[in-house]
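Each chain, written out:
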Amino acid sequence: MDPYLSNLLIVIFILVTLILIMVGAIVLIRLRSARNRRIYRQKAREWEDIFLDYLHGGLGLEEACRRMAGEKRYYWLWIFFAPYLEVLTGVDFEKTKALCRELGMIGYYRRKLHRGRTPARALAARVLGSLQCRDSVPGMLEMLRSKNPLIVQAAAQGLAKSGDTKSFFPAARALLSHTYFTYEGITEILSSYGKEACPLFKEGIVAGAKRLPDPRRAPGGRVPKKKPRRGEVDPSVVTSIMIDLLGYFRCPGSLSPLGRLLERADDEITVHILKAFLRFGEVPPGFDIKPYLRHRYWVARSFSAKAWKLTGDRQALPLLEELLTDRNWWVRFHAAEALRSAGGPGLTILEDQAAGTDQTAAAISSYVLSRSEVSQPS
């Protein structure tokens, strides 16, 4: 036989063998995975009956633990308990935590938090945070110093769910400096601190107002921003996150501190505060909307036009009329919407502008008036 043909057949045989081995391995993995899912679903149905009976007082802790014990796949237990831990509070949460402790789940993940590999440590932080294990907070704080973004993210998520509000600032700084999350993603993670952190957010706002330079003393009213040094976090970003969370949770007593902060706020913080007012559905006592309708930043003008409805300041109607010719469409639109909501005087302005010679003001006025006619019942 030709030696070249012989070598070719050998190579083909080896490749076919390797392909068959790989296909066989994939099939075995899929079969094993399907089998595990089937076993888990069966166990979950059994656990659900036991767990709900335990929650409703039909079973004691020892009996529930005895009937659920024997399963050493703590990941399965975590998958089962995770949805309950998201919604249960008070006595029910504490009973669930006690059961997880008796089943060995807390002890297992505490060990993984300190000695596991990266994925295991990340999962352990999330589990222990969801179970509000305060003893594990120091370990999660240490994880925030990791150079691995996955570890930092998991530690911050665990801390946010743990209920330890004192860890908010370390978690926020670590997320901002050591992960690639967007501002919105970081705010979403930190929102897990919950409404219980409202006093901390308010204290942070008050402290932030004292640290910010006064724009009224800066040339042109614009304070030059200092670029943070490497590894540092812009404090105004943390302040903005707290403002958003104050608005999200509608923390009581926050309007006055936000109003005081607004006096020293830069453009971005001004926008966040105006957004917070809209979420509260009210503004601080004595708040004057007019300076913000003249703001140099178009986003601030847009949000202040939306916030006008919270004040109903009739003296600001001429400013809203001026904004009908603003260079930004959204500013024009929200100004026109504010005038429409003002009733008679505002509608008169819109009708006059719609029939006027300024094409920009006429276009937006006509558009908003036509929307008003469509929305009216026939």
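Everything below is about the structure shown above.
Residue positions within a chain follow its written sequence, with the count starting from 1. This being a predicted model, a pLDDT of at least 70 is required before a residue's local features are given, and a value of 80 or more before pairs of side-chain atoms are given or counted; all residues contribute to the totals for chains, interfaces and linings. Heavy atoms throughout the structure, all of them, feed into the side-chain values; hydrogens and water do not.

## Some words on the overall build of the chain
Stated formally: Working definition: helices are DSSP H or I runs of at least four residues, strands are E runs of at least two. Numbering for both runs from the N terminus. It is over C-alpha atoms that the radius of gyration is taken, and the globule rule equals 2.2 Å times the number of residues to the power 0.38. Note on areas: these come from Shrake-Rupley sampling with a 1.4 Å probe, and a residue is covered only by the protein chains present in the view. His is not counted, nor are the chain ends, whereas Lys and Arg count as positive and Asp and Glu as negative. Taken as the charge location is NZ of Lys, CZ of Arg, CG of Asp or CD of Glu.
Summing up its helical and strand segments, the chain has 20 helices and zero strands in all. Here the C-alpha radius of gyration of the chain, 30 Å, is well above what a compact globule of 378 residues would show, namely 21 Å. When the accessible surface of the chain is summed, it comes to about 21,500 Å², and 54% of that surface belongs to carbon and sulfur atoms. If the 56 positive side-chain charges of the chain are averaged to one point and the 38 negative ones to another, these points end up 8 Å apart.

## Things to note about the state of the cysteines
Here is the rule: What counts as a disulfide here is a pair of cysteine sulfur atoms lying within 2.5 Å.
Enumeration according to the criterion identifies one disulfide in this entry. As a non-bridged cysteine, Cys65 has Cys100 as the owner of its nearest cysteine sulfur, 10 Å distant. Cysteine Cys100 remains unbridged, with the sulfur of Cys133 as its closest cysteine sulfur at 8.7 Å.

## Remarks on helix α8 (residues 149–162)
Selection criterion: To estimate the expected span of a helix, count its residues, drop one, and scale the result by 1.5 Å. Each residue is placed in one exposure class: buried if its accessible area under a 1.4 Å probe, protein chains only, is under 20% of its type's maximum, exposed if it is over 50%, and partly exposed if it falls in between. We call two residues contacting when some pair of their heavy atoms lies within 4.5 Å. Pairs of N or O atoms within 3.5 Å make up the polar contacts considered here, provided that, within protein, one atom can donate a hydrogen while the other can accept it, and that residues adjacent in sequence are counted only when both atoms are side-chain atoms.
Here α8 spans 20 Å end to end across 14 residues, near enough to the 20 Å set by a 1.5 Å rise per residue. With eleven of its 14 residues buried, α8 lies for the most part within the structure. Ile151, Val152, Gln153, Ala154, Ala155, Ala156, Gln157, Gly158, Leu159, Ala160 and Ser162 are the residues of α8 that are buried. The inward-facing, buried residues of α8 abut α6 (118–130), α7 (137–143), α9 (168–178) and α10 (183–190). A distance of 2.9 Å separates the backbone nitrogen of Leu150 from a side-chain oxygen at the start of α8, and that oxygen is part of Asn148. Gly163 sits one or two residues past α8 and shows a positive phi near 85°.

## Remarks on the packing of aromatic side chains
We apply this condition: Here a pair means two rings of Phe, Tyr or Trp (six-membered ring of Trp) with centres within 6.5 Å. Their orientation is stacked below 30 degrees between planes, edge-to-face above 60, and tilted elsewhere. Distance and angle both matter: a charge sits over a ring if NZ of Lys or CZ of Arg is within 6 Å of the ring centre and within 35 degrees of the ring normal.
Overall, the coordinates contain 19 aromatic pairs when judged by the stated rule. Plain terms: the ring middles of Phe80 and Phe81 are 5.1 Å apart, the flat faces sit at 75° to each other, and that makes the pair edge-to-face. This pair shows no difference in class: Phe80 is buried, exactly as Phe81 is. Consider the rings of Trp330 and Phe333, whose centres lie 5.9 Å apart with planes at 85°: the pair is edge-to-face. Here Trp330 pairs with Phe333, and both are found in helix α18 (residues 329–341), just three residues apart, close to one helical turn. Residue class for Trp330 comes out partly exposed when judged on its relative accessible area of 44%. Residue classification places Phe333 among the buried residues on the basis of a relative accessible area of 10%. Pairwise contacts between aromatic rings join Trp47, Phe51, Phe80, Phe81 and Tyr84 into one cluster. Across the ring face of Trp76, the terminal group of Arg73 is positioned such that the distance to the ring centre comes to 4.3 Å.

## Considering the nonpolar core
The nonpolar side chains of a soluble globular protein tend to be buried with one another. Defined as follows: Definition used in this section: a nonpolar core is a set of buried Ala, Val, Leu, Ile, Met, Phe, Trp, Tyr and Cys residues joined via side-chain atoms within 4.5 Å.
Phe81, Met105, Leu190 and Leu320 are the most contacted members of the largest nonpolar core, which totals 115 residues. In terms of residue count, the dominant contributor to this core is helix α3 (residues 74–87) (nine residues).

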